[in-house]
Structures are given as structure tokens and as C-alpha cells.
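Residue-level structural notes
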Amino acid sequence: VLSIRGVQDEDPPDPQIMRLDNMLLAEGVSGPEKGGGSAAAAAAAAAAGGSPGSDGSIEHSDYRAKLAQIRQIYHSELEKYEQACSEFTNHVMNLLREQSRTRPISPKEIERMVAIIHRKFSSIQMQLKQSTCEAVMILRSRFLDARRKRRNFNKQATEVLNEYFYSHLSNPYPSEEAKEELAKKCAITVSQVSNWFGNKRIRYKKNIGKFQEEANLYAVKTAVDAASVSAQASQANSPATPNSGTVFPYLKPQRAINNML
DNA sequence: AAATATGATTAGTA
DNA sequence: TACTAATCATATTT
């Protein structure tokens, strides 16, 4: 019955279990009861990177439900293990007590037994924690990874961004303030603005031809506004090449040279 | 359904 | 640290 002989505990690393605990806590799995699940909500909001505007809470409800499910399973399993552990300990103690009638059993031996049992069960617990962590990670990547929830910006947001881009084509690097203003105008975050410009720059550069039409369109758009200022524009500029000359107009010189190679 | 567009993420750089 | 380039994963177009 007591086949607990081969207990070669493969190292139960403390840092490992600490890591798992921390993560479970951070995800709101092992935290306080469902008092709004503020921890989980915060984690969700943080992971979502903050996408204001249209969507926001509908998809999170799904996530939260699943997280609550995981949480419940985790807790019930944990409780089950704890109960089983104490039950088993009791059982072993009883057996030892019985045996003590026929042979002397030192308290040290009992202590050792209990320690072994506890170690065994805590390693099982760790497995539970690990698999729970895994489940949470999968859930997160499934629901919260922003890439999976990509939404195009609305028409007027891209309008605003493009307008800025093409009217600053020679140096499409908005300052921090400019970014903030654009973000406000487009109802997106500053980092989204940065992303957009990063993508736009590289993609424009990569295939300028593809963007000619767009460039013309916005050039005309802004030209209307600028018309009042530049009243002496009477030279015959060829409409096919609104941005004649430089291939990488906005690159800083040294970088442009590097990129030629 | 395949091709293309697009926002976000990542590694690497100066 | 802000940027580029490559890449991912989804959205949209064809």
C-alpha cells in the first residue's frame, strides 16, 4: 500500500513555482473572488493596447467568461488536491499508528513520511498551475492579441493621416505634439499613429509607383488649401510626377546612402 | 479562394 | 528611443 518508495523528487524549483504564482495572480486567476475581476480586466485592457473608438467591451466579455471558467476549474482542482493531500496524510498516519503497535516508529520517521507526501502533492499542484498558466496564455493570444483583432481605421481617420503624410512627404516624421494631435483627430492612440506612419513610410518607399495615385489625390487636396498662400505657383509642373527627383525624399542623407546598397 | 491591403509586433540599428 | 525592415494575423478586394 505504501509504495511511496520511489520518491525521487525531481527538483521542485522555487523560482519556477513563484513565477507561476505571480502570473496566475497577475491574470486574476488566483486573486480575490469575482469582485468585478478588476485584475483580469486591467490585464485585458493592458494587453489590448488600448483601442478606443468603436469596439472595446463586447469581445472582452467573452474573454472574461472563459477566464472565469479557467479560474473556477483551477480553484476546484486546487481544493480537490488539498483535500486529497490531507486525506492521504491522515490515512498514512493511521497506518503508521497501527504499525506502531507491532514495531516502534520514531517521530522522525513520521515526519519524513509527511514531508514526502506533501512534496508529492505540491508537485502535482505545480503541474496544475502550469497547465492553468498555459491555458490562460492560449486564451490571451486567442482573444487579446491585438493582431488577431485588427480593425481598419475609419475612412476619415486614414484621410487625416494620409493628408498629413502626403503634405509632409519630404519629411513625414510628425513630432510628438503632431502625433498627439493626429491621434486626437483620428480617435486613435499616439502609438497607433506612430505605427501608421512607420508602416506608411516603409510601404511608400517600397513601392512608390503604387502610391502615385494616392499621392496625387492628396496633393490636390492640400493644394486647394495651400492655394491661398502660394499665389505665385504658375510653373508647368508635370502632373505625373508630383514629387519629382528623390527616391527616398524623407530619408536623412546618411541613411539614404546606406539604404541604396 | 487567392491576392492584396493593413494594423500590430518584433529584431536589430544608430 | 524612435526608427526601419521583416513578419504576423487579420481584413478587404478581386
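Residues numbered from 1 in each chain as written. Chains lettered and ligands numbered in written order. Predicted model: local features only at pLDDT ≥ 70, side-chain atom pairs only at ≥ 80, totals over all residues. Heavy atoms only, no water.

1. Considerations on the protein's contact with DNA strand B
Lining the immediate environment of DNA strand B, one finds 13 residues, of which Arg-150, Gln-192, Asn-199, Arg-203 and Lys-210 sit closest. Measuring from a base nitrogen of DNA strand B, one finds a side-chain N or O atom of Asn-199 at 2.8 Å. A distance of 2.7 Å separates a base oxygen of DNA strand B from a polar side-chain atom of Arg-203. Here the surface near DNA strand B gets five residues from one element, more than from any other, and that element is helix 7 (residues 190-206). Considered class by class, the residues forming the surface near DNA strand B number three nonpolar, five polar and five charged. (Near = heavy atom within 4 Å. Polar contact = N/O pair within 3.5 Å; in protein donor to acceptor, adjacent residues only side chain to side chain. Helix = DSSP H or I, 4+ residues; strand = E, 2+ residues; numbered from the N terminus. Nonpolar A, V, L, I, M, F, W, Y, C, P; charged D, E, K, R; others polar.)

2. Considerations on helix 6 (residues 176-186)
Residues Ala-178, Lys-179, Leu-182, Ala-183 and Cys-186 constitute the buried set of helix 6. Down the axis of helix 6, the sector holding all buried residues measures 140°, keeping them to one side. Of the exposed residues in helix 6, those oriented more than 90 degrees away from the buried face are Glu-177, Glu-181, Lys-184 and Lys-185. Remark: Ala-187 follows helix 6 within two positions and exhibits a positive phi of approximately 60°. (Buried < 20%, exposed > 50% of the residue type's maximum accessible area, 1.4 Å probe, protein only. Arc of directions from axis to C-beta.)

3. Some thoughts on the pattern of salt bridges
In the structure shown here, the tally under the stated rule is three salt bridges. Its salt-bridge partner being Lys-80, residue Glu-77 comes within 3.0 Å of it at the nearest N-O pair. One end of the pair, Glu-77, and the other, Lys-80, are both in helix 3 (residues 58-99), three residues apart, so they sit about a helical turn from each other. Lys-80 gets classed as partly exposed once you look at its relative accessible area, which sits at 48%. (Salt bridge = Lys/Arg side-chain N within 4 Å of Asp/Glu carboxyl O.)

4. Details of the nonpolar core
Counting residues in each nonpolar core, the largest one holds 19 residues, and the members touching the most others are Leu-161, Phe-165, Tyr-166, Leu-182, Val-193, Phe-197 and Tyr-204. Elements supplying a minimum of two residues to this core: helix 5 (155-167), helix 6, helix 7 and helix 8 (208-226). A per-element tally of this core places helix 5 first, with five residues. Setting aside chain neighbours within four positions, we find Phe-197 in contact with Leu-161, Tyr-164, Phe-165, Pro-172, Pro-174 and Leu-182. Residues Leu-24, Val-29, Leu-67 and Met-126 belong to the second largest nonpolar core, which totals 13 residues. (Core = buried A, V, L, I, M, F, W, Y, C linked by side-chain atoms within 4.5 Å. Contact = heavy atoms within 4.5 Å.)

5. Let's talk about the side chain of Thr-89
For Thr-89, the position within the fold is in helix 3. Its relative accessible area of 11% is what places Thr-89 among the buried residues. If sequence neighbours within four positions are ignored, Thr-89 has contacts with Val-114, Ile-117 and His-118.

6. Examining the packing of helix 6 against helix 7
Interaxial distance between helix 6 and helix 7 falls to 8 Å at its minimum, and their mutual angle equals 105°. Here helix 6 lies roughly perpendicular to helix 7, going by the angle between them. Residues Glu-176, Lys-179, Glu-180, Leu-182 and Ala-183 of helix 6 pack against Val-190, Val-193, Ser-194 and Phe-197 of helix 7. (Axes fitted to C-alpha atoms, helices over the stretch in contact; angles between N-to-C directions. Parallel < 35°, antiparallel > 145°, perpendicular 65-115°, else oblique.)

7. Some thoughts on helix 7
With 17 residues, helix 7 extends 24 Å between its outermost C-alpha atoms, agreeing within 8% with the 24 Å of an ideal straight helix rising 1.5 Å per residue. By the burial criterion, the buried members of helix 7 are Gln-192, Val-193, Trp-196, Phe-197, Lys-200, Arg-201 and Tyr-204. When helix 7 is viewed along its axis, its buried side chains cluster within an angular range of 165° and face the same direction. Exposed residues lying more than 90 degrees from the buried face of helix 7 are Arg-203 and Lys-206. (Expected span 1.5 Å × (residues − 1).)

8. A word on the packing of helix 5 against helix 7
Across the interface, helix 5 lies against helix 7 with an axial gap of 11 Å and an inter-helix angle of 50°. By the criterion of interaxial angle, the relationship of helix 5 to helix 7 is oblique. Considering only the axes of helix 5 and helix 7, their crossing is right-handed. Touching Leu-161, Asn-162, Tyr-164, Phe-165 and Tyr-166 of helix 5 are Val-193, Trp-196, Phe-197, Lys-200, Arg-201 and Tyr-204, all from helix 7. Here the residues of the contact of helix 5 with helix 7 are counted per class, giving eight nonpolar, one polar and two charged. (Left-handed = near helix turned anticlockwise from the far one by under 90°.)

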